[in-house]
Amino acid sequence: MNLLNGLNPEQLAAVTLPRQHALILAGAGSGKTRVLTTRIAWLIATNQMTPQQVLAVTFTNKAAKEMLARLTAMLPINVRGMWIGTFHGLCNRLLRAHYRDAGLPQLFQILDSSDQLSAIKRLLKSLNVDDEKYPPRELQHFINGQKEQGLRPSAVEAWDGYTQKRVQLYEAYEAQCNKEGVVDFAELLLRCYELLSRNEALRRHYQERFRHILVDEFQDTNILQYKWLKLLAGAEGCLFCVGDDDQSIYAFRGAEVGNMRDFEREFRVPNVIRLEQNYRSHGNILDAANAIIKNNDNRLGKNLWTDAGAGEPIRVFEAYSDLDEARWIVEEIQALARDGHARSEIALLYRSNAQSRVLEHALFSAGLPYRVYGGLRFFERQEIKHALAYLRLIANPDDDTSFSRVVNFPTRGIGARSVEALQDAAKAAGSSLFAAIPAMSGKAGTSLANFAALIGRMKEMAHLPLPELVDHIVELSGLREHYKNDKEGQDRLANLDELINAATSFIAEEGVIGEGGVIGEGGELSADLIAFLAHAALEAGEHQAGEGDDALQLMTMHSAKGLEFNIVFVTGLEEGLFPHENSVMELKGLEEERRLMYVAVTRARQRLYLSHAQTRMLHGQTRYNLPSRFIEEIPGGLVKWLTPRIARHGGAHGGVSPRLTFADAPRAASSPRAGGAGYRIGQTVRHAKFGEGIIINLEGGGEDARAQINFGSAGMKWLALSVAKLEAAT
DNA sequence: TGGGAGTGCTTTTTT
DNA sequence: AGCACTCCCA
């Protein structure tokens, strides 16, 4: 069969597996997406299921779109009816279809993370809770964490008073969301899960429908997502999970790699297939990746190989400083450009976003175009969120988050006092802010009534085609006028116009199919509006414009997952930075960092550069870092040092950088010699209480000089050199 | 109401 | 260092 042409034996086996549960361990660059899509296409083409019977789940919209695009190319069918999407997107779809059973208002709105945070802040304020003691962000994390484990407040075990209070706040937050008719991201999942577990008829309906459930990036699923999958699979369904435990880098946000083992055990998975042949990178790169990841325990086990040949050695550069590193990268890129390499095929990866600044500065000065991933996305921009808030108020005036956002933006004389009075009135009446407006009197009452009338006028336009509606809202709200008068508002105006375009293309691409209007209270709303608002919340939009340009790609190693480039620079390979100092204390943290290194290394097709700097500015202070242990985990034979390298003494981390000793460092002006004592990184010292340790880091000078010392079992300490009694040990 | 000064924080992030 | 956030004053 045509579909199966060109698959290797393992891929072929995975694609054509009989109707059983399966776990596919798909290494980096092993054709994972191809297997996933071909599997679906094959099941349909061989009449083992209809397009309506597929459920394919991904984490990102990008991955979902990619699958749909590939399927469209493979099959002569309309893929729009297929259930392929993100966990959140699919749950949204289910909840919209069964909003009554789920106990939600028909037009429920979705809170994104920042909406959720402001909702929590508002809650704490209304309950007079000290937000120093219960920081909103921390509470948000707590609530989401519970939800992602499938726990409602009543199910959370709280032993201490602090947690008990947080559980109470969780409960109050839920009440607030219910009252306002809004749902956060985690709630989409949890609601959907509860809906299906509570409602047997519904559950059986979907269990019978989705005969094949396929999951992408299974290593990234959290507890609740796994429960959701199990529920939908039921006794008869068949789960096809694809993932790579070595690429699990999201434990910090609740991903549970253990789901892979659990899945294998609980479902007695008869087939675990390993895809180890790599179609992306040259051999040396893969050998390096394999060698690095071998240092982790408890892997499911995999070894990448290629028949592409060894390729070039891995180039390692040791810089004096972060500036020096950036300068070298610029030179190297200029040389590469001269050799005809496309800039867009070169990626600069770093551990944390703060590191991009120095690189950007150097690239900018050299006139090299670049594109930074991450950061603000389209639907997260304030002007867009403002416009959307008006649209949401049309759909649901009880959405207090949106109400608070725009009640006085652009300013219309409704100050903090008025809003507070309104909040009191709403609280007394147990109503939403909007509903409490008629009860207000005086000048504030008039301004508020005017605002209500404005929303009313907007609502009368709700039947208009979506792009027109958006246009009118931008005008009527005064947003357009406001930004016109703002001297820096030109970009924002352009973005608002772009929102109208986004509405147009949304209708063209995924306009609601034949569902007609939705009757909201007081008039007909276009179903497109509701779908568009959900779309805006669930898909934050492309990171930035300018995709077409031939620009260098700058991003964190996390954002690089799933991407590939001909040439990759992994920068800032320094102890403390990468592996990050917060993660080295526990084994699990270190292993996750190592997986991140594995991900970073396997992004490269042809050429991989690794670099580290001896000195780096961080949080306004100069830090002296040792080369990352990850560099040393690569077999020497695969590596070509671009800078002189003297044999390091004292084991993996006791070594002193060969190019810079602090006595003669040309650029380390404020040499960290403490009061002439001459401590240096890598030096072994003895402390009366902590015993022997190695100096990891030095900072400050003179009286303020401090040293970070790894005392092994006694832990890592920062000691003031003028105070601590240290003696040199040998 | 808006801006300027002072304060505090700082890993990674999708939905 | 750089940014977000708060507070206070004109």
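Residues numbered from 1 in each chain as written. Chains lettered and ligands numbered in written order. Predicted model: local features only at pLDDT ≥ 70, side-chain atom pairs only at ≥ 80, totals over all residues. Heavy atoms only, no water.

A. Looking closely at the pairing of strand β17 (residues 621-624). Inspection of the sheet shows strand β16 (residues 604-618) paired to β17 by four bridges, in the antiparallel sense. By the bridge assignment for β17, leucine 618 is matched with glutamine 621. (Pairing = 2+ DSSP bridges. Helix = DSSP H or I, 4+ residues; strand = E, 2+ residues; numbered from the N terminus.)

B. Representation of the protein's contact with DNA strand B in the model. In the vicinity of DNA strand B lie 24 residues, with Asn61, Ser113, Arg351, Asn353 and Thr556 positioned nearest. The sugar-phosphate backbone supplies 55% of the atoms of DNA strand B found within 4 Å of the protein. In the model, a phosphate oxygen of DNA strand B is placed 2.8 Å from a nitrogen or oxygen of the asparagine 61 main chain. Within the side chain of serine 113, an N or O atom sits 2.7 Å from a base oxygen of DNA strand B. The residue makeup of the surface near DNA strand B, split by class, is five nonpolar, 16 polar and three charged. (Near = heavy atom within 4 Å. Polar contact = N/O pair within 3.5 Å; in protein donor to acceptor, adjacent residues only side chain to side chain. Nonpolar A, V, L, I, M, F, W, Y, C, P; charged D, E, K, R; others polar.)

C. Region of interest: the nonpolar core. With 63 residues, the main nonpolar core has Leu55, Ile213, Phe218, Trp228, Leu229, Leu239 and Phe263 as its most contacted residues. Here this core spans two domains, since at least three of its residues come from each of domain 1 (2-98 + 190-277) and domain 2 (109-180). In contact with tryptophan 228, not counting residues within four places along its chain, are Leu55, Val57, Phe87, Leu90, Cys91, Leu94, Leu189, Cys192, Tyr193 and Leu196. Among the nonpolar cores identified, the runner-up in size contains 52 residues, and Tyr390, Met461, Ala503 and Ala536 belong to it. (Core = buried A, V, L, I, M, F, W, Y, C linked by side-chain atoms within 4.5 Å. Buried < 20%, exposed > 50% of the residue type's maximum accessible area, 1.4 Å probe, protein only. Domains from an automatic or database assignment. Contact = heavy atoms within 4.5 Å.)

D. The protein's contact with DNA strand C, seen in detail. The full set of residues close to DNA strand C is Arg357, His619 and Gly620. Near-protein atoms of DNA strand C (within 4 Å) split between backbone and bases, with sugar and phosphate holding 47%. Here a phosphate oxygen of DNA strand C and a side-chain polar atom of arginine 357 are 2.9 Å apart.

E. Looking closely at unusual backbone geometry. In this structure, proline 410 follows phenylalanine 409 across a cis peptide bond, with omega equal to -5 degrees. Along the polypeptide, proline 410 turns up in the loop between α16 (400-406) and α17 (416-429). The peptide bond linking phenylalanine 578 to proline 579 adopts the cis configuration, its omega dihedral lying at 5 degrees. Inspection of the secondary structure assignment puts proline 579 in the loop between β15 (565-570) and α25 (587-601). Located in the positive-phi region is histidine 619, a residue other than glycine, with phi close to 50 degrees. Classification of histidine 619 by relative accessible area gives exposed; the value is 75%.

F. Quick peek at the packing of aromatic side chains. Inspection of every chain in the model, using the stated rule, returns 21 aromatic pairs. Here phenylalanine 403 and phenylalanine 451 contribute two aromatic rings whose centre-to-centre distance is 5.4 Å and whose plane-to-plane angle is 85 degrees, an arrangement assigned as edge-to-face. With phenylalanine 403 in helix α16 and phenylalanine 451 in helix α19 (residues 442-460), this residue pair connects regions lying 48 residues apart in the sequence. Through pairs of rings, three or more aromatic residues link up here, namely Phe218, Tyr226, Phe263 and Phe267. Positioned above the aromatic ring of phenylalanine 108, the side-chain terminus of arginine 96 is 3.7 Å from the ring centre. Against the face of tyrosine 250 rests arginine 253, its NZ or CZ located 3.6 Å from the ring centre. (Phe/Tyr/Trp six-rings, centres within 6.5 Å; stacked < 30°, edge-to-face > 60°. Lys NZ or Arg CZ within 6 Å of the ring centre and 35° of its normal.)

G. Broad picture of the domain arrangement of chain A. We note that the domain assignment places domain 1 (2-98 + 190-277), domain 2 (109-180), domain 3 (314-376 + 548-640), domain 4 (378-539) and domain 5 (684-728) within chain A. For domain 3 and domain 4, the distance between their C-alpha centroids amounts to 42 Å.

H. The arrangement of helix α10 (residues 223-233) in detail. Judged by how many residues are buried, α10 sits mostly within the fold: eight of 11 residues are covered. For α10, every residue scored as buried is listed here: Leu224, Gln225, Tyr226, Trp228, Leu229, Leu231, Leu232 and Ala233. The N-capping residue of α10, defined by a side-chain oxygen 3.1 Å from the backbone nitrogen of leucine 224, is asparagine 222. Where α10 ends, the next residue or the one after it, glycine 234, has phi of about 60 degrees, a positive value.

I. Fine view of the sheet that holds strand β3 (residues 83-86). Strand order in this open sheet of six strands is β3-β2-β6-β7-β1-β8, and the pairing throughout is parallel. For this open sheet the edge positions go to β3 and β8 (271-275), each flanked by a neighbour on one side alone. When the angles between neighbouring strand axes are averaged without regard to direction, this sheet yields 15 degrees. Here strand β1 (residues 22-26) runs beside β8; their pairing, made up of five bridges, is parallel. Along β8, the bridge assignment pairs isoleucine 24 with isoleucine 273. Most of the contacts of helix α2 (residues 32-45) go to strand β6 (residues 212-215), to which it runs at about 170 degrees, and overall it touches β1, β2 (54-58), β3, β6, β7 (238-243) and β8. (Axes fitted to C-alpha atoms, helices over the stretch in contact; angles between N-to-C directions.)

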